[in-house]
Structures are given as structure tokens and as C-alpha cells.
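# A look at the structure
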Amino acid sequence: MTLPPLTLYLAAPRGFCAGVDRAIKIVEMALQKWGAPVYVRHEIVHNKYVVDSLREQGAVFVEELDECPPDRPVIFSAHGVPKAVPAEAAEREMVYVDATCPLVSKVHIEAARHSENGLQMVMIGHAGHPETVGTMGQLPEGEVLLVETPADVATLSVRDPDKLAFVTQTTLSLDDTAEIVAALKARFPNIVGPHKEDICYATTNRQEAVKAMAPDCDALLVVGAPNSSNSKRLVEVGARAGCRYAQLVQRAADIDWRALEGIRSLGLTAGASAPDVLIEEVIDAFRQHYDVTLETVTTAEEHVEFKVPRVLREPA
Ligand code: SF4
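All of these numbers come straight from a predicted model, not from anything done at the bench.

A few words now on empty space enclosed by the protein. Throughout the structure, instances matching the rule amount to 2 cavities of 30 Å³ or more. Looking at the largest cavity, its volume works out to about 290 Å³. Forming the boundary of the largest cavity are 23 residues, of which Cys17, Val20, His79, Thr171 and Asn230 lie nearest the centre. At the level of secondary structure, the elements contributing two or more residues to the lining of the largest cavity comprise helix 1 (18-34), helix 4 (102-116), helix 8 (201-213) and helix 9 (229-240).

Looking now at the side chain of His79. Checked against the element boundaries, His79 lands in the loop between strand 4 (74-76) and helix 3 (84-91). Residue His79 is classed as buried on the basis of its relative accessible area, which comes to 9%. Here Ser77 takes part through its side chain, which lies 2.9 Å from a polar atom of the side chain of His79.

A word on the site of the ligand. The environment of the ligand is made up of Cys17, Gly19, Val20, Cys101, Leu103, Val104, Thr170, Thr171, Cys200 and Tyr201. Here the ligand occupies the largest cavity. Tallied by class, residues from the shell around the ligand come to 7 nonpolar, 3 polar and no charged. Two domains share the shell around the ligand, each providing at least three of its residues, namely domain 2 (18-101) and domain 3 (103-187).

A few words now on helix 3. Buried residues of helix 3: Val85, Pro86 and Ala89, and no others. Along the axis of helix 3, the buried residues cluster in a sector spanning 95°; they form a single face. Facing away from the buried side of helix 3 by over 90 degrees, the exposed positions are Ala84 and Glu91. Where helix 3 is buried, its residues contact strand 2 (38-41), strand 4 and strand 5 (96-98).

Overall, parallel pairing links the 4 strands, which are arranged 3-2-4-5 in an open sheet. Both edges of this open sheet fall to strand 3 (59-62) and strand 5, since each of them pairs with a single strand only. Direction aside, neighbouring strands of the sheet carry axes that sit 25° apart on average. In this sheet, strand 5 lies alongside strand 4 in parallel orientation, the contact comprising 3 bridges. If you follow Ile75 over to strand 5, its bridge partner there is Val97.

A word on the domain arrangement of the protein. Here the protein is described as being made up of domain 1 (5-16 + 201-298), domain 2 (18-101) and domain 3 (103-187). Once you take the C-alpha centre of each, domain 1 and domain 3 turn out to be 31 Å apart. Residue-level contacts link 12 residues of domain 1 with 11 residues of domain 3. Regarding the contact of domain 1 and domain 3, the summed buried area is about 870 Å², with carbon and sulfur atoms giving 46% of it. Per-residue buried area on domain 1 facing domain 3 is highest for Ser229, Arg233 and Arg240; these three make up 41% of the total on that side. Counting every contact that joins domain 1 to domain 3 gives 2 salt bridges. For Lys211, the salt bridge identified is with Asp175, shortest N-O distance 3.2 Å. Inspection of the region where domain 1 meets domain 3 yields 7 residue pairs in polar contact (both at pLDDT 80 or more). Contributions of two or more residues to the side of domain 1 that touches domain 3 are made by helix 8 and helix 9. The residue makeup of the side of domain 1 that touches domain 3, split by class, is 1 nonpolar, 6 polar and 5 charged.

What the rule picks out here adds up to 10 salt bridges. A salt bridge links Arg251 to Glu281; its shortest N-O distance comes to 2.4 Å. With Arg251 in the loop between strand 10 (246-249) and strand 11 (265-270) and Glu281 in helix 10 (residues 276-289), this residue pair connects regions lying 30 residues apart in the sequence. In this structure Arg251 comes out as partly exposed when scored by relative accessible area, which is 34%.

Parameters and conventions
- Residues numbered from 1 in each chain as written.
- Predicted model: local features only at pLDDT ≥ 70, side-chain atom pairs only at ≥ 80, totals over all residues.
- Heavy atoms only, no water.
- 1 Å grid on protein atoms, 1.4 Å probe; cavity = no way out; pocket = protein on both sides within 12 Å on 5 of 7 lines; lining within 4 Å.
- Points joined across faces, edges and corners; volume = space filled by probe spheres on them.
- Helix = DSSP H or I, 4+ residues; strand = E, 2+ residues; numbered from the N terminus.
- Buried < 20%, exposed > 50% of the residue type's maximum accessible area, 1.4 Å probe, protein only.
- Polar contact = N/O pair within 3.5 Å; in protein donor to acceptor, adjacent residues only side chain to side chain.
- Near = heavy atom within 4 Å.
- Sits in = over half its atoms within 2 Å of the grid points.
- Nonpolar A, V, L, I, M, F, W, Y, C, P; charged D, E, K, R; others polar.
- Domains from an automatic or database assignment.
- Arc of directions from axis to C-beta.
- Contact = heavy atoms within 4.5 Å.
- Pairing = 2+ DSSP bridges.
- Axes fitted to C-alpha atoms, helices over the stretch in contact; angles between N-to-C directions.
- Buried area = accessible area lost by both parts, 1.4 Å probe.
- Salt bridge = Lys/Arg side-chain N within 4 Å of Asp/Glu carboxyl O.

Spelled out as C-alpha cells, the structure:
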């Protein structure tokens, strides 16, 4: 049988970022050091495949600290946690390892520093996302105002319009965030913020790669989880950059082959928490349906690596 031709554009960079890589290593090293079970507060990274493989090795995923016995180690996920969480772990004399991505910790430090300088904080982020909850939780409840859209800026009620600073979630859409920052600056000209915004290198690079290839693709697939913020943003970026069909898939089994009928080109990328093995699985599935010509679209090189905490590098 002759298969129809398909040019498959593979985005680079795609998939795992340094923060996700470090968080997964932390759980694996904790299991080696302390044996199973090791508790993990929240999904270590937003990917079912990753979570299931760690669960098989003896990790137990919980949502709250009080679900962990005090005599077993607990790890905090890459998204970061409110200050109250490590404080409670210390009070219960638990062994804990914080797998918060260093780029999220940097935002936590920024928020605390601005607040110490007497500035009221505004956070640009998604309500309820663990990273937003963690960053807002660096300051006492009610101290950080959340904005999700430019419209939210118009209704913001602040203590003093000249004493404000903003931080952002690291996995937002660059373009949407630029609009919100512009609205903040228009209403509060003296607001202080990071140089650009806090969107991390991995989010930025993955979005830029999608923007570069989306106009040439009849369809775009993003390998990622439905609760992964940066993966969902890649789908939106692809659609906005001109790709008629942009979809999130967790695995090859989710591909809607009927919707893809007649395509000649496909863009493929993956969110920062999706492992390579799932991208390979999707490529293999396409090879079964099409005569695939693979082309990598490289828009940036990444060499970022984060060290795991010292406690895991020392012998037990
Ligand atoms: S997406 Fe960015 S902030 Fe989030 S874990 Fe990866 S490097 Fe860190």
C-alpha cells in the first residue's frame, strides 16, 4: 500500500526543560536514597506518563501535606508551594525536598523583595494553577492581587497606584502577557516589574519555535497534558500564528486521524513536561499512516541545567 506523503516539522526546542528534568531527578534520587515510599505533594510535573512511572517506582502523590505520614520524606513539585507548606513540614519535623524550579523560586524572591520595599504586588497568572497559588502564597493572604486578562486591570483596586510591582507566572503566552503588562503600565505608569516579564526561557523558546513553523503547517500537534499550562499555550500560539488545526494530545492514541485527513504537512512539538518517549510514539504513529519526511525546525539552542539539592547528592 502506498502511503500519502507528509512533511513532519519537528520543533526544536521542544519537550523537557531544565526545571522538569531536575524535579524528576529529585524524586528518583529521593527514592534511591530513602527507599519507597517517598511522598510527592502535587504531580511533580504535569504529565501522567511521568507521574505513573514514578508511582511505579514507589512515589506516592498527594495533594496536601497532611496526607503524608510525618516519618517519610516529602517532595514539593516543580510548580512551587506557598510559604506555609515548608513551614508546616518543618513544624511536623518532616524531611522535605523542594523541587520548585529555580526560575519559579526567582519569582518568589522578587515578590518578597518588592513587598519588603513597601510595594503592593500584582501577579499575572491563571487562578488556581499551582504555580500562581505558590507565588501568591509567598506573601500573606490578600497581599497579592491576581490579574488574568487586560480587562482585570481596569477593575483592579489598589492601595496606592504609585507603589505597585508585578510578577508573572513563568508559563504564560508571551503575547497575552505583553498585552496585560501594557494595560498595567497604562493605568499605573509607576508600576515596577521585571525587565521583560517572568516567562521562562523554556516557555519562550517553545512558543517561538511554534510561531516559526505554524504558518507552514496544515496541522499542529502539541504533546502535553490538559493541565499543563505551557502546553496549552503552545496550542493557542500555533492557532494564532495561522495553523488551521492545532490540538493537544497526551499520547498517540489521542490523535484524531479523521480530522487530519488530507494534510500534507504537520508541525509537532511538546510542552516542557512531556518526555521524549511520547514524542517518539507520536512520530511512529504518523509513520504508520504516512510516508513521513522529517524536518527539524530549530529556532534556539538550550544548554540550561539545574543542580539537584545537596541533601540528595550526599550519602544517606
Ligand atoms: S517551564 Fe520554565 S519555569 Fe517551569 S519548570 Fe520549566 S524551566 Fe522552570
